[in-house]
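# Per-entry structural report
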Amino acid sequence: MTTKTRTKANAKTKPSLSREEYLRMYTQMVRIRNFEDNANQLYLSAKMPGLTHMYSGEEAVAVGICEALKDSDRITSTHRGHGHCVAKGANYNEMFCELLGKKEGYCRGKGGSMHIADQSHGNLGANAIVGGSMGMATGSALRTKLLGKDDVTVCFFGDGATAQGLLYEVMNMAALWHLPVIYACENNGYSEYTKTEEIAAGSITARAEAFGIEAFQVDGQDVLGVNELARKLVARCRNGEGPFFVELMTYRYHGHHVGDINREYYRSKEEETDWKTNRDPIIRLRAWLVDQGLATEDEIESLNNQIKDEAKKAVAYAEAAPYPDTSEVDMHIYAETDPATLRVGG
């Protein structure tokens, strides 16, 4: 089986969706970027406990895929999961509250940056274990098939997670049972502090092809190309043609985590500047929107300012929000079962 490579969109790409759909993709990417900028400042100002991993630069992956999904479709995320969460419909207030450990957070402040879940929008949760949600995503897809539903599950993971044996176990099952799951590998070029090419032997897409799974490689900085492919694969999943595997070539602007500041020992500033200047997904879509007459520069600037103001207000809201009461320390640790419903023996 040959890997199918999708070419990147450019100024010649003609609109096939509505103006509102394109503007929503732009809006969602800018919302992710603003969320990350503010989260980074919260950490640097010592207002946020714990650690966090920035998604800036990879926005086209989360938005391109999630905009192809219904609210009832599911995703599983990673330790670098803010972008997936926002793209799947999460609100700023609850997300910032979660980062600051406040009780109005999605997990009542207990999850923090790496464990946000929003099941009301099909987000089964971020996971601090590399590749830890692969089994969850495949199980979600199995549930869909057993119940005769038509929802699709997308499993986001990084290139470093392709070294986890669990991926191959679940891809084998998904292929055998034709499960409606899309394995989305966000290849940002680095597995923590090591180049992907130094830790991943051979082709990443070939690993999925070994199980008879159709695999694609796409420019992860091109939200239009990502969305076009995602829409086709989601439709095919609903038609019983899954699973699929997609390698999305992208780049993280920050270090592996917020404390990874001096990165010159493993990647150059020139490389970072090139990606930010010439391959930024937000800049690219903005230029395309203007070129196609779908928005003016003034309209886009107004939208940018609205989102920036929304994020600023959400941060202030979260800072003022109350912490959970100490009585909640053991809440949601154990399943609450009525003893009267339990049967002993027989």
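Rules of the game
- Starting from 1, residues in each chain are numbered consecutively following that chain's sequence as written.
- The predicted nature of this model means local features are confined to residues of pLDDT at least 70 and side-chain atom pairs, given and counted, to a pLDDT of 80 or more, with totals for whole chains, interfaces and linings taken over all residues.
- With hydrogens and water set aside, each side-chain value is computed from the structure's full complement of heavy atoms.
- Grid points spaced at 1 Å and placed over the protein atoms alone form the basis of the search, with a cavity being a set where a 1.4 Å probe fits but cannot get out and a pocket an open set showing protein on both sides within 12 Å along at least five of seven lines. Lining residues have an atom within 4 Å of a point.
- Grid points are joined across faces, edges and corners, and a volume is the space filled by probe spheres set on the points.
- Runs of E in the DSSP output that reach at least two residues are strands. Runs of H or I that reach at least four are helices, and both are numbered from the N terminus.
- Here the term charged refers only to Asp, Glu, Lys and Arg, the term nonpolar to Ala, Val, Leu, Ile, Met, Phe, Trp, Tyr, Cys and Pro, and the term polar to all other amino acids, Gly among them.
- Throughout this description, buried means an accessible area under 20% of the type-specific maximum (1.4 Å probe, protein chains only), exposed means over 50%, and partly exposed covers the range between.
- Contact between two residues is taken to exist if any of their heavy atoms lie within 4.5 Å; hydrogens are not considered.
- Here an axis means a line fitted to C-alpha atoms, over the contact stretch when the element is a helix, while the angle between two N-to-C directions is reported on a 0 to 180 degree scale.
- Note on convention: near helix rotated counterclockwise from far helix by under a right angle means a left-handed crossing. Clockwise means right-handed.
- Between rings of Phe, Tyr and Trp, where Trp is taken as its six-membered ring, a pair exists when centres lie within 6.5 Å; planes separated by under 30 degrees are stacked, by over 60 edge-to-face, and by other angles tilted.
- Criterion for a charge above a ring: Arg CZ or Lys NZ at most 6 Å from the ring centre, at most 35 degrees from the ring normal.
- Strand pairing follows a simple DSSP-based rule, namely that at least 2 bridges must link the two strands.
- By convention, orient the strands away from the viewer: a clockwise path from the first strand over the helix to the second makes the crossover right-handed.
- If an angle is under 35 degrees, it is roughly parallel; if it is over 145, roughly antiparallel; if it lies from 65 to 115, roughly perpendicular; otherwise it is oblique.

## Notes on empty space enclosed by the protein
The tally for this structure, following the rule as stated, stands at 2 cavities of 30 Å³ or more. Volume-wise, the largest cavity comes out at about 80 Å³. Contributing to the lining of the largest cavity are Ile65, Val154, Ile182, Ala184, Val218, Val226, Leu229, Ala230, Leu233, Val246 and Leu248. For the lining of the largest cavity, the elements supplying multiple residues, two or more each, are strand S4 (181-187), helix H9 (223-238) and strand S8 (244-249). Element by element, the count of residues in the lining of the largest cavity is highest for H9, at 4 residues. Here the lining of the largest cavity is composed, by residue class, of 11 nonpolar, no polar and no charged.

## Side note on the side chain of Asn40
When you line up the elements, Asn40 lands in helix H1 (residues 19-44). The exposure class of Asn40 is buried, given its relative accessible area of 13%. Not counting residues up to four positions away in its chain, the partners in contact with Asn40 are Met54, His254 and Val258.

## Here's the deal with the environment of Leu100
Within the element layout of this structure, Leu100 appears in the loop between helix H4 (92-99) and helix H5 (134-147). Residues Leu100 and Gly189 lie 89 residues apart in sequence; the distance between their C-alpha atoms is 30 Å. In contact with Leu100, not counting residues within four places along its chain, are Leu42, Lys47, Met48, Pro49, Ala318, Glu319 and Tyr323.

## Considerations on the packing of helix H2 (residues 59-66) against H9
The packing of two helices is summarised by the inter-axis angle and the distance between the axes. Two elements in contact, H2 and H9, have axes whose closest approach is 8 Å; the angle formed by their N-to-C orientations is 35°. As H2 packs across H9, the resulting crossing turns out to be right-handed. Counting all contacts with H2, which are made through Ala60, Val61, Val63, Gly64 and Ile65, the residues of H9 involved are Val223, Val226, Asn227 and Ala230. The residue makeup of the contact of H2 with H9, split by class, is 7 nonpolar, 2 polar and no charged.

## So, the packing of aromatic side chains
Scanning all chains against the criterion turns up 10 aromatic pairs. Taking 4.7 Å as the distance between ring centres and 5° as the angle between the ring planes, the aromatic pair formed by Tyr251 and Trp275 counts as stacked. Taken together, the residues Tyr251 in the loop between S8 and helix H10 (269-278) and Trp275 in helix H10 connect sequence positions 24 residues apart. Judged on exposure class, the residue Tyr251 and its partner Trp275 are both buried. Among the aromatic residues, those joined into a cluster by ring pairs are Tyr190, Tyr193, Tyr265 and Tyr266. Taking NZ or CZ as reference, Arg31 lies 4.4 Å from the ring centre of Tyr92, over its face. Over the ring of Trp275 we find Arg279, and its NZ or CZ is 4.2 Å from the ring centre.

## Focus: the pairing of S4
Within S4, 7 of the 7 residues are buried, leaving the element largely enclosed by the surrounding structure. Side chains of S4 alternate between two faces, with Val181, Tyr183, Cys185 and Asn187 and Ile182, Ala184 and Glu186 buried alike. Pairing analysis gives 6 bridges linking strand S3 (residues 153-158) to S4, with the strands arranged parallel. Considered in S4, the bridge of Phe156 is made with Ala184. Once the chain exits S3 it traverses helix H6 (residues 165-177) before rejoining the sheet at S4, and the crossover so formed is right-handed. Where S4 and S8 come together, 6 bridges link them in parallel fashion. Bridge pairing links Asn187 to Met249 in S8.

## A look at the packing of H4 against helix H12 (residues 297-320)
One way to put it is that H4 packs onto H12 with a least axis distance of 8 Å and a crossing angle of 45°. Considering the angle they form, H4 stands oblique to H12. Judged by the twist between their axes, the crossing of H4 over H12 is right-handed. Touching Tyr92, Asn93, Phe96 and Cys97 of H4 are Ile307, Glu310, Ala311, Ala314, Val315, Tyr317 and Ala318, all from H12. A breakdown of the residues in the contact of H4 with H12 according to their chemical character gives 9 nonpolar, 1 polar and 1 charged.

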